[in-house]
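# Remarks on the overall topology
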Amino acid sequence: MISFVGAGPGDVDLITVKGRRLIEKADIIIYAGSLVSCGHLDFCKDGCIRYDSSKMTLEEIMDVMEKGWRKGKNIVRLHTGDPTLYGAIKEQMDRLDELDIKYEVIPGVSSFTASCAAIRCEFTLPNLSQTVIITRLEGRTPVPESESLELLASHKSSMAIFLSVGNIDDVVEKLKAGYGRSDVPAVVVYKATWKDQKIIRGTLDDIADKVKSKGIKNFAQILVGDFINGKYGRSKLYDPSFSHSFRKAEK
Ligand code: SAH
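Worth saying up front: this structure is predicted, and the values here are computed from it rather than measured. (Residues numbered from 1 in each chain as written. Predicted model: local features only at pLDDT ≥ 70, side-chain atom pairs only at ≥ 80, totals over all residues. Heavy atoms only, no water.)

## What to know about helix H3 (residues 90-98)
The criterion, for reference: Classification of residues uses two cut-offs on accessible area relative to the type maximum, computed with a 1.4 Å probe and protein chains only: under 20% is buried, over 50% is exposed, and between them is partly exposed. Only runs of H or I of at least four residues qualify as helices and only runs of E of at least two qualify as strands under DSSP, and these elements are numbered from the N terminus. Of all possible arcs, the one meant is that of the directions from the helix axis to the C-beta atoms. For this analysis, residues touch if any pair of their heavy atoms sits within 4.5 Å.
Where H3 is concerned, the buried positions are Gln92, Met93 and Leu96. Axial view of H3: buried residues confined to an arc of 95 degrees, hence all on one face. Exposed side of H3, more than 90 degrees from the buried face: Lys90 and Glu98 are the residues found there. Check the buried side of H3 and you find it contacts strand S1 (2-6), helix H2 (58-70), strand S4 (75-79) and strand S5 (103-106).

## Brief notes about the domain arrangement of the protein chain
Where we set the bar: Residue ranges for the domains originate in an automatic or database domain assignment. Each of two parts loses accessible area, computed with a 1.4 Å probe, when they are put together; buried area is these two losses added. By convention in these notes, a salt bridge is any Lys or Arg side-chain nitrogen within 4 Å of a carboxyl oxygen on Asp or Glu. In protein, a polar contact requires one atom able to donate a hydrogen and another able to accept it; more generally it is a pair of N or O atoms within 3.5 Å, and residues adjacent in sequence count only if both atoms are side-chain atoms. For this classification, the nonpolar set comprises Ala, Val, Leu, Ile, Met, Phe, Trp, Tyr, Cys and Pro, the charged set comprises Asp, Glu, Lys and Arg, and every other residue, Gly included, is treated as polar.
Once the domains are mapped, the protein chain shows domain 1 (2-106) and domain 2 (111-228). Centre-to-centre separation of domain 1 and domain 2, based on C-alpha positions: 29 Å. Contacts between the two partners involve 11 residues from domain 1 and, on the opposite side, 12 residues from domain 2. Together, the buried faces of domain 1 and domain 2 total about 800 Å²; carbon and sulfur atoms form 75% of this surface. Applying the counting rule to domain 1 against domain 2 returns zero salt bridges. Connecting domain 1 to domain 2 are two residue pairs in polar contact (both at pLDDT 80 or more). Here the residues of the side of domain 1 that touches domain 2 are counted per class, giving six nonpolar, four polar and one charged.

## A word on the site of the ligand
Basically, it comes down to this: The near set for a molecule or strand comprises every residue that places at least one heavy atom within 4 Å of it. Only the protein chains shown count as cover for residues, and the accessible areas themselves come from Shrake-Rupley with a 1.4 Å probe.
The local shell around the ligand holds 18 residues, among which Leu85, Ser110, Ser111, Ala192 and Ala220 are the closest. Contacts to the ligand include Pro9, whose backbone N or O atom sits 2.9 Å from a nitrogen atom. Between Thr80 and the ligand, the recorded distance is 2.9 Å, taken from a backbone N or O atom to a nitrogen atom. In isolation the ligand exposes 530 Å². Once the protein is present, 95% of that is buried.

## Examining the pattern of salt bridges
Between side chains of opposite charge, a pair can form as their charged atoms come close. Applying the stated criterion across every chain, the model contains 11 salt bridges. Residue Asp27 pairs with Lys45 through a salt bridge whose shortest N-O separation is 2.8 Å. Of this pair, Asp27 sits in the loop between helix H1 (17-25) and strand S2 (28-31) while Lys45 sits in the loop between S2 and strand S3 (49-52), placing them 18 residues apart in sequence. By relative accessible area, which is 19% here, Asp27 ends up buried.

## A look at the nonpolar core
This is how it is decided: Here, nonpolar core refers to any group of buried Ala, Val, Leu, Ile, Met, Phe, Trp, Tyr and Cys residues whose side-chain atoms link them within 4.5 Å.
Counting residues in hydrophobic clusters, the biggest one holds 26 residues, and the most contacted among them are Met159, Leu175, Val188 and Val224. Broken down by element, the residue count for this core peaks at five residues, all from helix H6 (residues 168-179). Once you skip the residues sitting within four places of it in the chain, Met159 turns out to touch Phe123, Ile133, Thr135, Leu149, Leu152, Ala153, Leu175, Tyr179, Ile222, Leu223, Val224 and Phe227. In terms of nonpolar packing, the next biggest core, distinct from the first, is built from 16 residues, Leu22, Ala26, Val36 and Cys48 among them.

This is how it looks when you write it as structure tokens:
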């Protein structure tokens, strides 16, 4: 069996129990060495063969998987955060389908929720936003025009922006245009849950300068929106005057 496993954002304890057990049983592990904490490899059994995918092409990765699978090995493909976000797993899965090789996907804690937890916030708040937009600035990977940062920001939802801190000036300019104001709260979380995690707080007015002065160029989430410190309404779920299927309203 081949298992695509979400390693979580960094802290090795933020992997699922299922993911950890698969690592413990793996004969072969292919891990994204650029972002996955190498602490996960301490859980591999003796003799487990390790490959750092940051030095490999898709073809080389697939070759390791196919040969291992044909020998009946347990194979873990360890991706950072949650594999379904910016994981480039689809191209691997499609090739496995072509070869009629079975696989499964084990979810993980994404860096965007880990970052929101690190600043002790909630993305979805009554009267403020009930939507989170997960996106990135166009880089070498193109982004469809209909998903431009400016257009997405015009919804004034909570936003988590991946892979873009290296172009923070560009990000901020587009967000200001989209939100239509520059006092929108923004936080950059560098290496969420790692020992050297950094949190930089500001608004669209000053976050770019703050981030650049700390020398942060990658490995960070940009969280933006009034969920960070805006005024919200209390929930209906825990409102004494509100009934739902598990609780009757107080008189
Ligand atoms: N699948 C991953 C994202 C991979 S893309 C996930 O779910 O988190 C890589 C990008 O994710 C980085 O450029 C950065 O924007 C973000 N990222 C990954 N780990 C991070 C962490 N620990 N702290 C902050 N951002 C992180």
